Structure formats: structure tokens, C-alpha cells
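Chain and residue survey
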Amino acid sequence: MIAKTEEAVDTKTTTDAACNCKEKTGLYEIYKCSICGNIVEVIHSGAKSLVCCKKPMELMTAKTEEQGREKHLPVVEKTEHGISIKVGSVEHPMEAKHYIEWISVIVDGKELRKFLNPGDKPVVEFGIPKDATGVVVREYCNIHGLWATK
Ligand SMILES: [Fe+2]
């Protein structure tokens, strides 16, 4: 016999309840908990009321223009099989206390993500179609947040 977990009961209750929320989350939106640091991405849109540590999670808005000394905007170049992405125009630090946690690309209904560790180079290559359009490249710095290049 499988015991029902508390989460399973909560999910069923939420699914069954009529949602009166006027605002919905958007596909690929990223939310962060200001208490514990959890970061989640929306893979199915629902009520805009994500909660963690008993507080509403904050929607992260990607910065699209450089700010400050360090460079964060992903630099995208076409390669033979797809694209190469480097963070940023001057390579971003990859130290234990300050580094790029991941780089992702959204294209043609797919999202590809590479997680990085301190000491790695902030560079990845993804195979995508040569004629791809509407490519969105994002990266997350553990100190300076979410950045995007379109
Ligand atoms: Fe940074």
C-alpha cells in the first residue's frame, strides 16, 4: 500500500479548486524564494501565486542591458552545429562565491540548459537548427541574477 503524502493531497485540492486568480504565470518564467533561495521555472501555466517558505516567490525579470563593472549578457555566436554562448563580453568570474550557475537556450518549443560549477568556463555550445528564429538565451549569476539575450 502506498501512503498518500501531504504534497499529493495538496496538489489534488489545488487542481480541484476553482481558480479565481486573474493573473497567470507564463511559460519559462523563473521565480525565486527570497528566504531559502529556491528557484523554479514554470513549465505549465497556472495561478500566479507561487509560494515558498510561506511567502510569495518573486518573479525574476531578466536584465537585457549591462550594468556595473562585470559583464553578464550572454554573447552568442553561430557554430557549425548550433550556437556557442559565452558569459559575457569579458569572461564572467567562476569563483566559489560568484559564478554563473547555468546557461540556457529556448528555441522551437525546446529548452536546453547546462549547469555550471565554480572553476568551469562560462561557455557552452548547444546544437540547434541553423535556421532557428526567436532564440532566447538566458543565464543565471548567483550574485547578479537573471540575464538574457534575444
Ligand atoms: Fe555576476
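Let us look at the structure shown here. The structure displayed is predicted, hence computed values, not measured ones.

Rules of the game
Residue numbering note: each chain is counted from 1, following its sequence as written. Totals for whole chains, interfaces and linings use all residues, but because this is a predicted model, local features are given only for residues with pLDDT of at least 70 and pairs of side-chain atoms are given and counted only at 80 or more. The criterion for strand pairing is that DSSP finds at least two bridges linking the strands in question. Helix and strand assignments come from DSSP, with helices taken as H or I runs of at least 4 residues and strands as E runs of at least 2, each series counted from the N terminus. Throughout, an axis means a line fitted to C-alpha atoms (over the contacting stretch in the case of helices), and angles, computed between N-to-C directions, take values from 0 to 180 degrees. Here a residue counts as buried when 20 or more other C-beta atoms sit within 10 Å of its C-beta, as exposed when there are 12 or fewer, and as partly exposed otherwise, the C-beta atoms being derived from the backbone. Any set of buried Ala, Val, Leu, Ile, Met, Phe, Trp, Tyr and Cys residues joined through C-beta atoms within 7 Å is what this text calls a nonpolar core. Note on contacts: residues are paired as contacts if their backbone-placed C-beta atoms lie within 7 Å.

What follows concerns the sheet that holds strand 7 (residues 82-87). Read from one edge to the other, the open sheet built from three strands follows the order 6-7-10, with strand pairing classed as antiparallel. On the outer flanks of this sheet lie strand 6 (74-78) and strand 10 (123-127), each paired with one strand and no other. The average angle at which neighbouring strand axes cross in this sheet is 20°, direction not considered. Relative to strand 7, strand 6 runs antiparallel, the two being bridged by five bridges. Across the sheet, Pro74 pairs through a bridge with Val87, a residue of strand 7.

Turning to the sheet that holds strand 5 (residues 58-60), a few remarks are in order. Taken together, the three strands give an open sheet; going across it, the order is 2-1-5, and neighbouring strands pair in antiparallel fashion. Among the strands making up the open sheet, the edge pair consists of strand 2 (39-41) and strand 5. The average undirected angle you get between the axes of adjacent strands in this sheet is 35°. The pairing of strand 1 (residues 30-32) with strand 5 spans three bridges and is antiparallel. Bridge pairing links Tyr31 to Leu59 in strand 5.

With that settled, the discussion passes to the environment of Asp120. Looking at where Asp120 falls in the secondary structure, it is placed in the loop between strand 9 (110-115) and strand 10. On the basis of neighbour count, Asp120 is assigned to the partly exposed category, with 13 C-beta atoms found within 10 Å. In this structure, the C-alpha to C-alpha distance between Asp120 and Met94, residues 26 residues apart in sequence, is 6.5 Å.

What follows is about the nonpolar core. Ile85, Ile100 and Ile103 are the most contacted members of the largest nonpolar core, which has 15 residues in total. Every element with two or more residues in this core is listed here: strand 7, strand 8 (100-107), strand 10 and strand 11 (136-141).

Bringing the environment of Ala47 into the picture now. Inspection of the secondary structure puts Ala47 in the loop between strand 2 and strand 3 (51-52). Classification of Ala47 by C-beta neighbours within 10 Å gives partly exposed; the count is 14. The spatial distance from the C-alpha of Ala47 to the C-alpha of Cys21 is 5.8 Å, given a sequence separation of 26 residues. For Ala47, the contacting residues outside a window of four places in its chain are Cys19, Cys21 and Lys24.

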